[in-house]
Amino acid sequence: EIRRQSRITAAQHPSEAAFLEALGKLQGGLDILTGVERSGQASRLEMGCTLVEEGLDQIQQLEAGNGR
């Protein structure tokens, strides 16, 4: 039910869907970063940072598109 509702919402508000996608990237990146236990896991650190950067870039693009 939640997925169906989110698809309806996304169809009505594309910018909201893009914002939720960006938040998902941020959350995924943060989850990866908090799960890293040793400094030797450089690839996981890089993956987490990349997701966070992509999410932030996407949010900045949305804000620029909304005239903020």
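Just so we're clear, the structure is a prediction, and the values are computed from it rather than from any experiment.

**Regarding the pattern of salt bridges**
By the definition in use, this model includes 2 salt bridges. Across the salt bridge formed by glutamate 21 and lysine 25, the nearest N and O atoms sit 3.8 Å from each other. Note that glutamate 21 and lysine 25 are positioned in helix H2 (residues 14–35) at a spacing of 4 residues, about one turn of the helix. Using a relative accessible area of 45% as the deciding quantity, one classes glutamate 21 as partly exposed.

**Remarks on the packing of H2 against helix H3 (residues 42–65)**
For the pair H2 and H3, the least separation of the axes is 7 Å and the interaxial angle reads 155°. Classified by the interaxial angle, the pair formed by H2 and H3 is roughly antiparallel. Regarding H2 and H3, the two cross each other, and that crossing is left-handed. In terms of residue class, the contact of H2 with H3 is made up of 16 nonpolar, 6 polar and 4 charged.

**Points about the confidence of the model for the chain**
Across the chain, the average pLDDT comes to 82, with 78% of residues at 70 or higher. Per-element confidence in the chain is highest for H3, whose mean pLDDT is 92, and lowest for helix H1 (residues 2–12), whose mean pLDDT is 58.

**Quick look at the side chain of glutamine 58**
Structurally, the position occupied by glutamine 58 is in helix H3. Not counting residues within four places of it along the chain, the set of residues in contact with glutamine 58 comprises Ala18, Glu21, Ala22 and Lys25.

**Details of the side chain of glutamine 41**
One can find glutamine 41 in the loop between H2 and H3. Reaching out from glutamine 41, the side chain makes a polar contact with the backbone nitrogen of glutamate 37 at a distance of 3.0 Å. Here glutamine 41 is in contact with Gly35 and Val36, once residues within four sequence places are set aside.

Definitions and cut-offs
- Residues numbered from 1 in each chain as written.
- Predicted model: local features only at pLDDT ≥ 70, side-chain atom pairs only at ≥ 80, totals over all residues.
- Heavy atoms only, no water.
- Salt bridge = Lys/Arg side-chain N within 4 Å of Asp/Glu carboxyl O.
- Helix = DSSP H or I, 4+ residues; strand = E, 2+ residues; numbered from the N terminus.
- Buried < 20%, exposed > 50% of the residue type's maximum accessible area, 1.4 Å probe, protein only.
- Axes fitted to C-alpha atoms, helices over the stretch in contact; angles between N-to-C directions.
- Parallel < 35°, antiparallel > 145°, perpendicular 65-115°, else oblique.
- Left-handed = near helix turned anticlockwise from the far one by under 90°.
- Nonpolar A, V, L, I, M, F, W, Y, C, P; charged D, E, K, R; others polar.
- pLDDT = per-residue confidence, 0-100.
- Contact = heavy atoms within 4.5 Å.
- Polar contact = N/O pair within 3.5 Å; in protein donor to acceptor, adjacent residues only side chain to side chain.

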